[in-house]
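A look at the structure
Below are the chains, spelled out letter by letter.
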Number of protein chains: 2
Amino acid sequence: MARRTKDEAEKTRNALLNAAEKVFYKHGVARTSLEQIARAAKVTRGAVYWHFRDKIEICEAMSNRIFLPQEDVLEHLASNASATPLDDLQKACCDSLKLIVTDKRRQRVVSILMLRCEYVEDMAAIMDRRRDCKNRMLDRFQRLFTQAHKRKMLQPHWPPQLAAVSLQALMSGLINRSLENPKDFDLAKMGPACLAAFFKSVQA
Amino acid sequence: MARRTKDEAEKTRNALLNAAEKVFYKHGVARTSLEQIARAAKVTRGAVYWHFRDKIEICEAMSNRIFLPQEDVLEHLASNASATPLDDLQKACCDSLKLIVTDKRRQRVVSILMLRCEYVEDMAAIMDRRRDCKNRMLDRFQRLFTQAHKRKMLQPHWPPQLAAVSLQALMSGLINRSLENPKDFDLAKMGPACLAAFFKSVQA
DNA sequence: TTGCATACATACAATCATGAATGTATACAG
DNA sequence: CTGTATACATTCATGATTGTATGTATGCAA
């Protein structure tokens, strides 16, 4: 029990976050004690309190390790003003869904944030971050649909705002359903299929 | 104090459930103690334990007071095999959204179930019920879309299953967003608008 | 080599929350 | 009119969790 090098400290920090993911996933955020996290990481609560102020900070760090990449996908998508905004958007959405299917860590964390977390009081901060993330996503969507609209690529009964809101709701609903029904809902198949049908309906 | 009449007992039971709604909404399910619920209902924990075995039973009773009506809407919809299945479906979905907007109790409870509840361990039973409910809803949707499909009322790129899954995801996503962003998302307007556009896209 | 900051482990006090046990007054059946 | 089940209130024992305080060994800088 002695001071470790900075690298090792970073390793224990990561071990703690990995442990938190597992325990949060199994028992939910509210019901896991810091002791459980510490044990799962093979350290004591001392280490936990050294690296994090409290459970919320762990939760934030855990979600920060994950959510930004997803946001990055959308940034990347919005950066290049392409001639085929709808195709780009569809592809980006599909990729985003695929990431959740293939990346087990992301899947666990998203599942924690959607089904194993209570957004109340101090935890509301985490929700704020999710909300911001979603809003920025929605903005990107809307901008792209507006581009498409200007180029007469959108069906007239799909104003850009409606399309953006619907797409986001569709995505979030699909993810939600796949996390609620991991056994009998195949997001890898249904997700892209639904998106394809949606985009086919949307474009002129 | 003393034994109350059966009517009064029923009243305290309802008072407990009302109190549970409020406290769950404010503090989340996991972090509210039975004492808090009792205090909010102006009784003691004795009354709580008399009417319910534990917190989960309270939660179940609370959700049972609410969710079945919504399901009823859909049952009602499916009962009459109409000549306009898509219009019926759209109307039923709109009505369902409107109920969440107008009925504050339903809104609170749904908000608790979606954002203030951790579906883990013993609470998984509540999730099972939600899942069943959603699956039955999906079945109804799919049956109606199949009817529409047989009558050539569906666009060819919308197979009934895809349409059903998408509609359910859309609904759930819209509700979710309105509960996450109660301030700057107007479900009463956006919900019907999105549904209208969706149904216009789906039908031939 | 000393000394300090680091990276934890350990110990402690205080605070709930739970479930069960027990008390109690009264509505109602007979 | 009496006894019993009811509808709670009160009390108690126990355990769990938290934050903090303190201990401690060591990496590293000077």
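What counts and what doesn't
Residues numbered from 1 in each chain as written. Chains lettered and ligands numbered in written order. Predicted model: local features only at pLDDT ≥ 70, side-chain atom pairs only at ≥ 80, totals over all residues. Heavy atoms only, no water. Contact = heavy atoms within 4.5 Å. Buried area = accessible area lost by both parts, 1.4 Å probe. Salt bridge = Lys/Arg side-chain N within 4 Å of Asp/Glu carboxyl O. Polar contact = N/O pair within 3.5 Å; in protein donor to acceptor, adjacent residues only side chain to side chain. Helix = DSSP H or I, 4+ residues; strand = E, 2+ residues; numbered from the N terminus. Nonpolar A, V, L, I, M, F, W, Y, C, P; charged D, E, K, R; others polar. Domains from an automatic or database assignment.

Take the interface of chain A and chain B next. The interface of chain A with chain B comprises 46 residues on the first partner and 47 residues on the second. Carbon and sulfur atoms supply 54% of the area buried between chain A and chain B, which totals about 3,900 Å² over both sides. Among the residues of chain A in contact with chain B, Glu118(A), Arg177(A) and Glu180(A) are the three that bury the most area, contributing 15% of the side total. One salt bridge connects Arg31(B) with Asp122(A), and the closest N-O pair in it is separated by 3.1 Å. The tally of links between chain A and chain B comes to 22 residue pairs in polar contact (both at pLDDT 80 or more). Elements that contribute at least two residues to the side of chain A that touches chain B include exactly helix 1 (6-27), helix 6 (104-115), helix 7 (124-150), helix 8 (160-180) and helix 9 (187-202) of chain A. At 13 residues, the largest contribution of residues to the side of chain A that touches chain B is made by helix 8 of chain A. Residues that form the side of chain A that touches chain B fall into these classes: 22 nonpolar, 12 polar and 12 charged.

Residues and elements named next belong to chain A. When its domains are assigned, chain A resolves into domain 1 (1-52) and domain 2 (64-202). With centres defined by C-alpha atoms, the gap from domain 1 to domain 2 works out at 31 Å. At the interface, eight residues of domain 1 touch nine residues of domain 2. Of the roughly 890 Å² buried where domain 1 meets domain 2, counting both sides, 57% is carbon and sulfur surface. Sorting the residues of domain 1 by area buried against domain 2 places Glu21, Tyr25 and Val29 first, and these three jointly supply 66% of that buried surface.

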